[in-house]
Structures are given as structure tokens and as C-alpha cells.
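Reading the structure
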Amino acid sequence: MRNVIFMVGLPGSGKSTISKEIAKKTNGKIVSRDIIRAELGYTSGVDEKAVCTPEQENNVTENEISSIMDTLNNNQTVIIDDTNLKKKFRGNMIREINSKFPGIKIKAILVETDPEVCIQRRKGQIPAVIIRKMADSYDRPTLSEGFSSIEDYTV
């Protein structure tokens, strides 16, 4: 049975580790902007954080949507392993998914990790000031966005 799972959390919060566990349990596919950037040659690997042009980011988004839709068309669960911190961006993706798969279950997993832990995990990749700013300004997921359920996962 296909479902959609949005991972939500700061960089370094543990989203990717949890995504891998979910993928094993559900035979689901992980779709990640980091992986797509590496596949497109914008980075040398998924652990390298890219600074892409707006055109490159649009290309990443198109590839991400295509991969999500292909996975759902194959009747597989898709795990969207991005920060997904802003309601606006989640909303765009939820609308796109619902337009092609009305009534599909869309779950959010909010991975809450102390920002200082995330800073240590991403040291040398993402400046501490950026992670703190993200922690102070993210939009907590709500059912009114179109999620069928929201699960808190504290690390």
C-alpha cells in the first residue's frame, strides 16, 4: 500500500537515519534533495551541502516531484527526506501529490533534536548560525496542511 511520509527536522536531526529504517520496514523509497543534487552532479556526494543556483534548485524540485510520482505510480511508499521546515513548501508538494493521488495518506514525522546537537553533527558543513535560525523559524506541521497524521520523534 502506498503512502507518503514527510520527514521534518533540522539538518543533522536524524531524519535520514530514521528514513532508512522506515524504508526497510515499508519497502519504501527515499526521495531526498541531497541525493538528487548528487545525482545531477551539483555536489560530489550526499554529505556535501550544495550552494546551487535558483535554476539548479528548480531542476532539483522537478526531479524530486517526478521521483515522488513515479514511486507512487509503482504503488510504493515514498519517504521525503528533506528538512521540510516551511509550510509553504510542504503545501505545494501536498497539493501536487493530492492532485494526482486523491485521498492518499500523507504523514509527517517531526524529528525534534536539540539544535546544538544538530550543529555538532553538521560542523564544517552548515554554519551554526544557519541551523539556529532554522530552529527559530520553522513551521511546525499541522493536520490542516493535509497531513493524515503527525508523529513526533524526539532524538
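How each quantity is defined
- Residues numbered from 1 in each chain as written.
- Predicted model: local features only at pLDDT ≥ 70, side-chain atom pairs only at ≥ 80, totals over all residues.
- Heavy atoms only, no water.
- Pairing = 2+ DSSP bridges.
- Helix = DSSP H or I, 4+ residues; strand = E, 2+ residues; numbered from the N terminus.
- Axes fitted to C-alpha atoms, helices over the stretch in contact; angles between N-to-C directions.
- Contact = heavy atoms within 4.5 Å.
- Salt bridge = Lys/Arg side-chain N within 4 Å of Asp/Glu carboxyl O.
- Buried < 20%, exposed > 50% of the residue type's maximum accessible area, 1.4 Å probe, protein only.
- Lys, Arg positive; Asp, Glu negative; His and termini not counted.
- Polar contact = N/O pair within 3.5 Å; in protein donor to acceptor, adjacent residues only side chain to side chain.

Once that is clear, we can look at the sheet that holds strand β5 (residues 149–154). Spatial ordering of the open sheet is given by β2-β3-β1-β4-β5, a layout of five strands whose pairing is parallel. With one partner strand each, in any of the chains shown, β2 (29–31) and β5 form the two edges of the open sheet. Each strand of the sheet is rotated relative to its neighbour by a mean of 20 degrees, with strand direction disregarded. Relative to strand β4 (residues 106–112), strand β1 (residues 4–8) runs parallel, the two sharing five bridges. Bridge pairing links Val-8 to Leu-110 in β4. This element, helix α1 (residues 15–26), spans β1, β2, β3 (78–81), β4 and β5 of the sheet and lies at about 175 degrees to β3. Its contacts with the sheet put helix α4 (residues 87–100) on β1, β3 and β4, and the angle it makes with β1 is roughly 175 degrees.

Let us now look at the pattern of salt bridges. On inspection of all chains with the given rule, the structure shows ten salt bridges. A salt bridge links Arg-140 to Asp-152; the nearest nitrogen and oxygen atoms lie 3.1 Å apart. Taken together, the positions of Arg-140 in the loop between α6 (128–137) and β5 and Asp-152 in strand β5 put the pair twelve residues apart, joining distant regions of the chain.

Let us now look at the side chain of Lys-15. Mapped onto the elements, Lys-15 comes out in helix α1. No salt bridge is formed by the buried Lys-15. Its closest oppositely charged neighbour is Asp-81, at 5.2 Å. Engagement of the side chain of Lys-15 in a polar contact is seen with the backbone oxygen of Gly-9, the distance being 3.3 Å.

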